[in-house]
Amino acid sequence: MFNLIKLQILKNKKILLGCMAFIVFYLFTMIMTAELTAPMFENENFQNMLKEMFGMTDAEIASMSGMNGYDMVETGFFHQYYPIILLVLSIILIGKYITKAFETTTMSCYLCLPISRRKYVASTAVSLGLSVLFCGIVAYLIGLLTFNIVDMDVNFWAFSQTVLISTLSSLAVAYISMCLAFSFIGGKYRSFYIVVPIILFFVFMFKDISPILSYLSPFGWENIYLNVIGCPILIAASIYLSIKLFKRRNLSL
Amino acid sequence: MVNIKGLTFTYPNGKGVKNASFEVNKGEVVGFLGPNGAGKTTTIRCILGFMKGNSGTCKIDGKECFENAEENMKDIGFIAGEIAFPENMRAKEYFEFISKIRGCDMRRCDELCKMFEVDTKQIIQKLSKGNKQKVALVSAFMHDPKVLILDEPSSGLDLLMQHKFLGLVNKAKAEGKSVLMSTHNFNEVERTCDRVVIIKDGEIRADKKLTDIKNLEKTFLEVYDV
């Protein structure tokens, strides 16, 4: 089982590195954009435009106009966009894992060995989980180091909660997708995994973020304890169901 | 060892295997002949436990293939018609992975690599078709399996390697192993097989000892009304 997990992670290392590169690129773009746009908040015409076009209040504009680029990225990245990025990355990762897992070549070379379908699905799930977790931690560390947060006592717990909940939630969402994919979809609908993250990304970008956070976690965003207990149960149930259904499938390898 | 009785598997397009029955005994090599689309690979998939027949039974050593796929695979060496390997893996790493999963040592693997002159340091995907086939041969024989399911095993091999491979099959037969060999090469069948099973449109049309057949090619063509 350990060998299988190791092999699955190594096999998907390119996509994992790609996700990491995406995080770095995203951060860089965000900082650059924020640095460029931050002075604009001081401009009265721009403030009026925000009020008219986006319905922003004076208080919101005032809070933003006091920020520099790094402040904006710090607030946006950790508290608003981090879970979304992680979810998008999870879906990309899971899409890649599943399409690879369902490739005739990949599956036949494993199932010709004394590896049961249960082990195959479980190892894919565990290696995917580890990859998402790794991505989450790396994103968190990059953010932490990039923004050079000194006030760790105040921020650390809040950030840890964000990381923990968003990683668990992303995993839960990803596992449910995996469960469905392994059981019903298979490798035919690859576009599903490409289109869904793009749609999600745009939906999240143009909507108010706060309600989306509660959609992300199946147990609500605020209750950390329910997430810590609920998400692993959901993940375990998804794996169990996917194994149950996958066991009955005829595989035309 | 391998026992198929009344196996039927139908694909949505109506093709598949219909009421197929034959067996492969210990120390016997059975040639499985038929053109493309006749149902050879479907039968092999059922034997490997990838698919469950709509009716009939398919057993290896008395164990139902679909339900006991993992256990049966311990005793099976398989070469697929379309060979598959994990990506970005060197042949040596692949053999080590198999030996860990199967719990066998690398001595036999090293012997086979030497015999087939396998370049173990190369990434498998970068190897030529013949060399990939050699990697598949080594991985199928390295754990000394009791049953060998070979789907077009010598495809891509040069004449010298084909000769070595046939020697290996004959040695396996002498050691009491059961071999089911799906092939289009009559010369290969004549040199190794004890019995021939010919399949047409998913139905077994002939199951004869090779000693009872005077001309294999003629018999095959007669089954196909050519």
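Treat the numbers as computed from the prediction; the structure is a model and nothing was measured.

Let us now look at the environment of Gly62(B). Residues and elements named next belong to chain B. Note on placement: Gly62 falls in the loop between strand 4 (55–60) and strand 5 (63–64). Under the relative-accessibility criterion, Gly62 is labelled exposed at 58%. Between the C-alpha atom of Gly62 and that of Asn3, which follows or precedes it by 59 residues, the distance is 7.8 Å.

A few words now on the sheet that holds strand 3 (residues 29–33) of chain B. Pairing between the strands of a sheet comes from backbone hydrogen bonds, and it takes one of two forms, parallel or antiparallel. Residues and elements named next belong to chain B. On the basis of which strands lie adjacent, the open sheet formed by six strands has the order 6-7-8-3-9-10 and mixed pairing. Of all the strands in the sheet, the pair left with one neighbour each is strand 6 (76–79) and strand 10 (203–209). Neighbour-to-neighbour, the strand axes of this sheet turn through a mean angle of 15 degrees, independent of strand direction. Strand direction decides the pairing type here: strand 3 and strand 9 (residues 195–200), joined by four bridges, are parallel. When the bridges of strand 9 are listed, Gly31 appears paired with Val196. Each of strand 3, strand 6, strand 7 (147–151), strand 8 (178–182) and strand 9 is contacted by helix 1 (residues 40–48), which is oriented at about 150 degrees to strand 7, the strand it contacts most. Of the strands in this sheet, strand 3, strand 7 and strand 8 are in contact with helix 6 (residues 159–174), which crosses strand 7 at around 150 degrees.

As a further point, take empty space enclosed by the protein. In this structure the tally under the stated criterion is four cavities of 30 Å³ or more. In this structure, the largest cavity spans a volume of roughly 190 Å³. Lining the largest cavity are 18 residues; nearest its centre among them are Cys112(A), Phe78(B), Ala84(B), Tyr94(B) and Ser139(B). For the lining of the largest cavity, the elements supplying multiple residues, two or more each, are helix 6 (104–111) of chain A together with strand 6, helix 3 (91–102) and helix 5 (129–141) of chain B. Classifying every residue of the lining of the largest cavity by side-chain character gives 13 nonpolar, four polar and one charged. Counted as a void, the second largest cavity has a volume near 50 Å³. For the second largest cavity, the full set of lining residues is Arg108(B), Phe141(B), Asp144(B), Pro145(B), Leu148(B), Leu168(B), Lys171(B), Ala172(B), Glu175(B) and Lys177(B). Residue contributions to the lining of the second largest cavity peak at three residues, all from helix 6 of chain B. Across the lining of the second largest cavity, the residue classes tally to five nonpolar, no polar and five charged.

Rules of the game
Residues numbered from 1 in each chain as written. Chains lettered and ligands numbered in written order. Predicted model: local features only at pLDDT ≥ 70, side-chain atom pairs only at ≥ 80, totals over all residues. Heavy atoms only, no water. Helix = DSSP H or I, 4+ residues; strand = E, 2+ residues; numbered from the N terminus. Buried < 20%, exposed > 50% of the residue type's maximum accessible area, 1.4 Å probe, protein only. Pairing = 2+ DSSP bridges. Axes fitted to C-alpha atoms, helices over the stretch in contact; angles between N-to-C directions. Contact = heavy atoms within 4.5 Å. 1 Å grid on protein atoms, 1.4 Å probe; cavity = no way out; pocket = protein on both sides within 12 Å on 5 of 7 lines; lining within 4 Å. Points joined across faces, edges and corners; volume = space filled by probe spheres on them. Nonpolar A, V, L, I, M, F, W, Y, C, P; charged D, E, K, R; others polar.

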